[in-house]
Amino acid sequence: MKTKFNINNLIRENIKTLKPYSSARDEYKEVSSDMVFLDANENPFQNGVNRYPDPQQNKVKTQLSKLKGIPTQNILLGNGSDEVLDLIFRAFCEPNQDNIITLPPTYGMYGVLANINAIENIEIALEHNFQPNVDSILSVANKNTKMLFLCSPNNPTANSFEAKTIENLVTNFNGLVIIDEAYIDFSEEASWLSRLDEFPNLIVTQTLSKAYGMAGIRLGVCYASAEIISILNRIKPPYNINELTQLKALKRLTNPQDVSEEINRILEQRDWLISELNKIDVVEIVYPSDANFILAKVDDASKRYSELINKGIVVRNRTNQPLCNNCLRFTVGSQMENIKLIAALKAL
């Protein structure tokens, strides 16, 4: 039976006693145009980026708070979701001692970050319907299991995990449950942000790379309890989000209607692609999608991948992933790109 969750039982001992670096902008936060700043050894000549950026990205967090209905104290920003995930490893997993659980086929960076941080990665494969095996996950967890990673909608399978399955895991798992919602904007399923207050061990990560179309600025978002966010803030680099990224993100976040329109266009193209892929001779199975990509089983993935490359079309060959034999992953592109893909597949 799950014991009462206590975040202090998961924090690494050296993190508990860590005195975080205090930057110049942490020590003096009141900024006005008539102030003379001689505290941070900056270049005094104004060019728009000569000053250090806000280390807590308060304007961006405030806008995210309005859009998501989550207090700013429950938000942490990272240099892409990968930095957010790495911070979680460094705060809660003791190298060469602790372990995590991942559910392949899934996002490969979980395993990479585990290796970088010298953490054992226990892999429990998804079932053939691409859903988690709850009993296997809970049975393999031990006293050193600190985190469980759930990518929903999942990459590369494109499906969402059933809500009752996720709730079962969050309720009964004794460590942190990280739900990676990079593709949640393309799903009809509700985000787990709406239930963040119910589960003190829940962390939800999202990104501006997919639906917001800002992969180039590298901005990931972590939502969790104020206690967890406070811990992560202690170890994050002082200026991990640069000024240009903050400005670009703020501009995009203040125009949510533009984002919604693009999402709708992607969803329309996704439906069209699924319909057309089902007519292609070399395509055997088109799996349901809750993301901005489609997983499809073909007759010979490696052969078809190479043929598409020769036609100037780059897709992702996922045939070496568990449960994905002879599968290709197609990102939903623009209307013209999708037409080119279907034409190329028909010509094979």
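Residues numbered from 1 in each chain as written. Predicted model: local features only at pLDDT ≥ 70, side-chain atom pairs only at ≥ 80, totals over all residues. Heavy atoms only, no water.

Draft legend 1. Layout of the overall build of the chain. In terms of helices and strands, the chain carries 12 helices and 11 strands. Relative to the globule expectation of 20 Å for 348 residues, the C-alpha radius of gyration of the chain, 22 Å, shows essentially globular dimensions. With respect to the principal axes defined by its C-alpha atoms, the chain has extents near 70 × 55 × 30 Å. Counting only residues that meet the buried cut, the chain has 50% of its 348 residues in that class. (Helix = DSSP H or I, 4+ residues; strand = E, 2+ residues; numbered from the N terminus. Rg over C-alpha atoms; globule rule 2.2 N^0.38 Å. Buried < 20%, exposed > 50% of the residue type's maximum accessible area, 1.4 Å probe, protein only.)

Draft legend 2. Representation of the nonpolar core. Ranked by internal contacts, the top residues of the largest apolar core, which has 72 residues, are L148, L150, Y223, L308 and F330. Beyond its immediate sequence surroundings of up to four residues, L150 is in contact with L103, F161, I166, L169, V177, I178, I179 and D180. F89, A114, I228 and I229 belong to the second largest nonpolar core, which has 32 residues in total. (Core = buried A, V, L, I, M, F, W, Y, C linked by side-chain atoms within 4.5 Å. Contact = heavy atoms within 4.5 Å.)

Draft legend 3. Summary view of the packing of aromatic side chains. Counting across every chain of the model gives seven aromatic pairs. With centroids separated by 6.3 Å and ring planes inclined at 55°, the aromatic side chains of W192 and F199 adopt a geometry described as tilted. Comparing W192 with F199 shows no difference in burial state: the two are buried. The structure contains a cluster of three or more aromatic residues connected by ring pairs, namely F89, Y107, Y110 and F149. Taking NZ or CZ as reference, R329 lies 5.5 Å from the ring centre of F293, over its face. (Phe/Tyr/Trp six-rings, centres within 6.5 Å; stacked < 30°, edge-to-face > 60°. Lys NZ or Arg CZ within 6 Å of the ring centre and 35° of its normal.)

Draft legend 4. Local environment of the pairing of strand β2 (residues 99–102). Residues N99 and I101 point to one face of β2 and I100 and T102 to the other, with burial holding for every one of them. Of the pairings in the sheet, the one linking β2 to strand β3 (residues 120–123) comprises four bridges and is parallel in character. Across the sheet, I101 pairs through a bridge with I122, a residue of β3. For the crossover from β2 across helix α5 (residues 109–116) to β3, the handedness is right-handed. Sheet analysis places β2 next to strand β4 (residues 145–151), joined by three bridges and oriented parallel. Residue pairing across strands places I100 opposite M147, the latter belonging to β4. (Pairing = 2+ DSSP bridges. Right-handed = clockwise from strand over helix to strand, strands pointing away.)

Draft legend 5. Up close: the sheet that holds β2. Overall, mixed pairing links the seven strands, which are arranged β1-β7-β6-β5-β4-β2-β3 in an open sheet. Two strands bound the open sheet, and with one partner strand each, they are β1 (75–78) and β3. The sheet shows a mean angle of 25° between the axes of neighbouring strands, direction not considered. The sheet contacts of α5 involve β2, β3, β4 and β5 (176–180), and relative to β2 the element is tilted by about 170°. (Axes fitted to C-alpha atoms, helices over the stretch in contact; angles between N-to-C directions.)

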